Amino acid sequence: MKTLKIQLGAYGWQHAHWLNRFYPEDLPEDWQLLYYSNEFNSVLVPAAYWQGHTIDDCVEWIGSVHEDFRFFVECRGDMFAHISKQALSAVLQVLQPQLSALVFPDAKQVMSGQVKQDFLDIIDLFGVDVCSAGDGFDSQLDSRVGGVWRDTASEASSFALIEDNLTDLRVTRALVEQFVAALESGERSPEIATIIVYHPQLQAEDLSKFRAVLDFMGY
């Protein structure tokens, strides 16, 4: 019997092409996260969301989801152009009870020394885990930093970012097998792992089928 549990989610929940296919036509926009969380148990909050949402929105988010739901927050070097360090700290404090990690998905991004220090201050303040595609935080965070698994860079990590539209379930299953194999090759095999799916044409019904594949595989 497999002991690994895989949480599944998408890159954001506000997608125009999900309207009338996943979200009912008459569903208010404020209820989308509630509806989404009934089907999936994780989400990667895009950095771009902070351009249009406030701390009050975050209070609604945390009140909309069940207690096992987990937030991952995308972080990028340019996000402080849209949200201040203080405002980001405030929204993370709201999400903290169900905040799993800050995610730095871009291995090629270059952060200034001040931006990096601002992120380090926030990470230290909340004691939150970090999933980073690059190695910019390794020396400062020690055991709290992990990688970002991709099928093109199969390092052992409990956080996977899959860039696929999930329309071929055979490909989907192979990606899961690659991810789990990379996990098992690491020094420690975690009890819980997370897969976030990002693709501009991803349909929620295909994400649901992916969930069924994970269930069939025992995850």
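Refer to the preceding data block for the structure.
Predicted model, so just to flag it, every value in this text is computed and none were measured.

Helix and strand content of the protein chain: seven helices and eight strands. Along the longest, intermediate and shortest principal axes, the C-alpha atoms of the protein chain span 45 × 45 × 30 Å. The buried share of the protein chain, taken over its 219 residues, is 49%. For the protein chain, the computed accessible surface area is about 11,100 Å², with 47% contributed by carbon and sulfur atoms. The protein chain carries 15 positive and 32 negative side-chain charges, and their two centres are separated by 6 Å.

Before going further, it helps to examine the packing of aromatic side chains. All chains considered together, the criterion is met by 18 aromatic pairs. Between tryptophan 18 and tyrosine 23, the ring centres sit 6.0 Å apart and the planes meet at 50 degrees, which makes this aromatic pair tilted. Under the relative-accessibility criterion, tyrosine 23 is labelled buried at 1%. Taken together, a centroid distance of 5.7 Å and an interplanar angle of 40 degrees make the contact between tryptophan 50 and tryptophan 61 tilted.

Applying the stated criterion to the full structure yields ten salt bridges. Salt-bridge contacts for glutamate 74 lead to arginine 76; the nearest nitrogen and oxygen are separated by 2.6 Å. Classification of arginine 76 by relative accessible area gives partly exposed; the value is 27%. Note that arginine 211 and aspartate 215 form a salt bridge whose closest N and O atoms lie 3.2 Å from each other. Placement of both arginine 211 and aspartate 215 in helix H7 (residues 204-216) is noted, with a separation of four residues, approximately one turn of the helix. Classification of arginine 211 as buried rests on a relative accessible area of 14%. Residues joined in a network through salt bridges with shared partners are Glu74, Arg76 and Asp106.

In terms of nonpolar packing, the biggest core is built from 65 residues, with Tyr36, Trp50, Trp61, Phe71, Leu88, Ile195 and Phe210 touching the most fellow members. Counting residues per element, this core draws most heavily on helix H6 (residues 169-184), at six residues. In contact with phenylalanine 210, other than residues within four places in its own chain, are Leu8, Ile162, Leu166, Thr172, Val176, Ile195 and Val197. Of all hydrophobic cores here, the second largest spans eleven residues; its members include Leu44, Phe72, Phe159 and Ile196.

Every buried residue belonging to helix H3 (residues 85-95) is among Leu88, Ser89, Val91, Leu92, Val94 and Leu95, and all of these are buried. Turning to H3, the residues buried within the fold contact helix H2 (55-64), strand S3 (70-74), strand S4 (99-104) and helix H4 (113-126).

This part covers H7. Taking 1.5 Å per residue as the helical rise, H7 with its 13 residues ought to reach 18 Å, and the 19 Å between its terminal C-alpha atoms agrees with that figure. Considered for burial, the residues of H7 that qualify are Ala204, Asp206, Leu207, Ser208, Phe210, Arg211, Val213 and Leu214. Structurally, H7 contributes buried residues whose contacts are with strand S1 (5-11), strand S7 (159-162), H6 and strand S8 (192-197). In the stretch just after H7, glycine 218 is the one whose phi turns positive, near 90 degrees.

Right, let's talk about the pairing of strand S5 (residues 129-132) for a bit. Pairing between S4 and S5: four bridges, direction parallel. Paired with valine 103 across the bridge in S5 is cysteine 131. Following the chain from S4 across H4 to the adjacent parallel S5, one finds a crossover that is right-handed. Bridge count for S5 against strand S6 (residues 145-146) is two bridges, and the pairing is parallel. Considered in S6, the bridge of cysteine 131 is made with glycine 146.

To continue, consider a negative patch on the surface. A surface patch of negative charge is lined by Glu29, Asp30, Asp56 and Glu60. Mapped onto the secondary structure, aspartate 56 falls in helix H2. The exposure class of aspartate 56 is exposed, given its relative accessible area of 56%.

Here we come to the sheet that holds S5. The strand order across the open sheet built from eight strands is S6-S5-S4-S3-S2-S1-S8-S7, with neighbouring strands paired in parallel fashion. Strand pairing shows two members of the sheet lacking a second neighbour, S6 and S7, which therefore form its edges. Here strand S2 (residues 42-45) pairs with S3 via four bridges, running parallel. When the bridges of S3 are listed, valine 45 appears paired with valine 73.

Conventions and cut-offs
Residues numbered from 1 in each chain as written. Predicted model: local features only at pLDDT ≥ 70, side-chain atom pairs only at ≥ 80, totals over all residues. Heavy atoms only, no water. Helix = DSSP H or I, 4+ residues; strand = E, 2+ residues; numbered from the N terminus. Buried < 20%, exposed > 50% of the residue type's maximum accessible area, 1.4 Å probe, protein only. Areas by Shrake-Rupley, 256 points an atom, 1.4 Å probe, with all protein chains shown as cover. Lys, Arg positive; Asp, Glu negative; His and termini not counted. Charge placed at Lys NZ, Arg CZ, Asp CG, Glu CD. Phe/Tyr/Trp six-rings, centres within 6.5 Å; stacked < 30°, edge-to-face > 60°. Salt bridge = Lys/Arg side-chain N within 4 Å of Asp/Glu carboxyl O. Core = buried A, V, L, I, M, F, W, Y, C linked by side-chain atoms within 4.5 Å. Contact = heavy atoms within 4.5 Å. Expected span 1.5 Å × (residues − 1). Pairing = 2+ DSSP bridges. Right-handed = clockwise from strand over helix to strand, strands pointing away. Patch = residues over 30% accessible without salt bridge, like charges linked within 9 Å, V, L, I, M, F, W, Y side chains within 5 Å.

Nothing here speaks to function; it is geometry throughout.
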